[in-house]
Amino acid sequence: MTTPSRSSPDPASEIPDVGDLHLRYYPDPLLGKRCRPLGVPNRAAQACIQRMIELMYEHQGIGLAAPQVGWNARVFVTNVDPDGLTSEGDRVFIDPQLEPLSEVPEAEDEGCLSLPGIRLEVERATALRVQALGFDGEPYQLDAAGLLARCIQHENDHLDGILITARVSTLQRIAVRSKLRELKLQWDEQERRT
Ligand code: ZN
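For the structure given in this document, a descriptive report is provided here. Everything quoted here is computed from the prediction, not taken from an experiment.

**Examining the environment of Gln97**
By the secondary structure assignment, Gln97 is in strand 3 (residues 91-100). Overall, the relative accessible area of 54% leaves Gln97 in the exposed class. With 84 residues separating them along the chain, Gln97 and Arg181 place their C-alpha atoms 33 Å apart. Setting aside its immediate chain neighbours within four residues, Gln97 contacts Arg129, Val130 and Gln131.

Printed below as a string of structure tokens:
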């Protein structure tokens, strides 16, 4: 018999240090993982969410998901405000549930902060209903269409470890193969240095 190990902590309570959050690039393994529900955010989780909003602005994105900054949690933030300069359009989604409201998907160009230099035509529902917890932990419901609906689906995919490269035809994937290889080399290089 071995000494009993300390029981593992509740995974949802593992909140990273806010200072450790930084943008993760393909093929970081966290980008391929299904994330855990967070539940009502505590102070530490809220600090991480606030940092995610800052990082979204810093990298000029319109959405950012927790695994993209090294946090395994079902959380993402968006701001599809065309001016991009007001915090009014900031939205926080915790443990979101999506329900498509449109029958016919539409293909449109998408980029991803974790896949710099890559743009792919991705089919998405044009309208959807989302139920989630907000920054304060209060549940809410939102009907979204257009760019916001697309952005929500893109970010929600990140929570299931799905990147846009998995949402397109083989032909499109082949077209970006060399770019992906480049990103992998950069990532390997980065890993060697750290
Ligand atoms: Zn993305």
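Picking up where we left off.
**Description of helix 1 (residues 43-58)**
When the terminal C-alpha atoms of helix 1 are compared, their 23 Å separation across 16 residues agrees well with the 22 Å that a helix rising 1.5 Å per residue should span. Considered for burial, the residues of helix 1 that qualify are Ala45, Gln46, Cys48, Ile49, Met52, Ile53, Leu55 and Met56. Buried positions along helix 1 lie against strand 1 (63-65), strand 2 (75-78) and strand 3. Sitting at the amino-terminal end of helix 1 is Asn42, which places a side-chain oxygen 3.2 Å from the backbone nitrogen of Ala44.

**Concerning the layout of surface pockets**
What the largest pocket holds in volume is close to 320 Å³. Ile62, Glu110, Gly111, Cys112 and His154 are, among the 19 residues lining the largest pocket, the residues nearest its centre. If you list the elements that add at least two residues to the lining of the largest pocket, you get strand 4 (106-111) and helix 2 (146-159). The biggest single contributor to the lining of the largest pocket is helix 2, with 5 residues. Broken down by class, the residue content of the lining of the largest pocket amounts to 7 nonpolar, 6 polar and 6 charged. Around the second largest pocket, the lining comprises 13 residues; the ones closest to its centre are Leu23, Tyr25, Gln186, Trp187 and Gln190.

**Section: the packing of aromatic side chains**
As enumerated under the stated definition, the model contains 2 aromatic pairs in all. An angle of 45° between the planes, with centres 6.1 Å apart, marks the rings of Phe93 and Tyr140 as tilted. With a gap of 47 residues between them, Phe93 in strand 3 and Tyr140 in strand 7 (residues 139-145) connect regions that are remote in the sequence. With a relative accessible area of 0%, Phe93 lands in the buried category. Since its relative accessible area comes to 26%, Tyr140 is described here as partly exposed. Counting every residue linked through ring pairs, the aromatic cluster contains Phe76, Phe93 and Tyr140.

Conventions we followed
Each residue is numbered by its place in its chain's sequence as written, counting from 1. It should be noted that, the model being predicted, local features are given only for residues of pLDDT at least 70 and side-chain atom pairs only at 80 or more, the latter also being counted only at that level, while totals for whole chains, interfaces and linings use all residues. Heavy atoms throughout the structure, all of them, feed into the side-chain values; hydrogens and water do not. Strands are runs of DSSP state E lasting at least 2 residues, helices are runs of H or I lasting at least 4, and numbering of each runs from the N terminus. Using a 1.4 Å probe on the protein chains alone, a residue whose accessible area is under 20% of its type maximum counts as buried, one over 50% counts as exposed, and one in between counts as partly exposed. In what follows, residue pairs with any heavy atoms lying within 4.5 Å of each other are defined as contacts. Multiplying one less than the number of residues by 1.5 Å gives the expected span of a helix. Under this definition, polar contacts are N or O atom pairs within 3.5 Å; protein pairs additionally need one hydrogen-donor-capable and one acceptor-capable atom, and for neighbouring residues in sequence, both atoms have to be side-chain atoms. Only protein atoms enter the 1 Å grid used here, on which a cavity is any set of points holding a 1.4 Å probe that cannot leave and a pocket is any open set flanked by protein within 12 Å on both sides along at least five of seven lines; residues with an atom within 4 Å of a point are listed as lining. Grid points are joined across faces, edges and corners, and a volume is the space filled by probe spheres set on the points. Under the scheme applied here, ten amino acids are nonpolar (Ala, Val, Leu, Ile, Met, Phe, Trp, Tyr, Cys and Pro), four are charged (Asp, Glu, Lys and Arg), and all others, including Gly, are polar. Only Phe, Tyr and Trp rings are paired, with Trp represented by its six-membered ring, and only when their centres lie within 6.5 Å; those with planes under 30 degrees apart are stacked, over 60 edge-to-face, the remainder tilted.

From the geometry alone we can't say anything about function, so treat these as descriptive.
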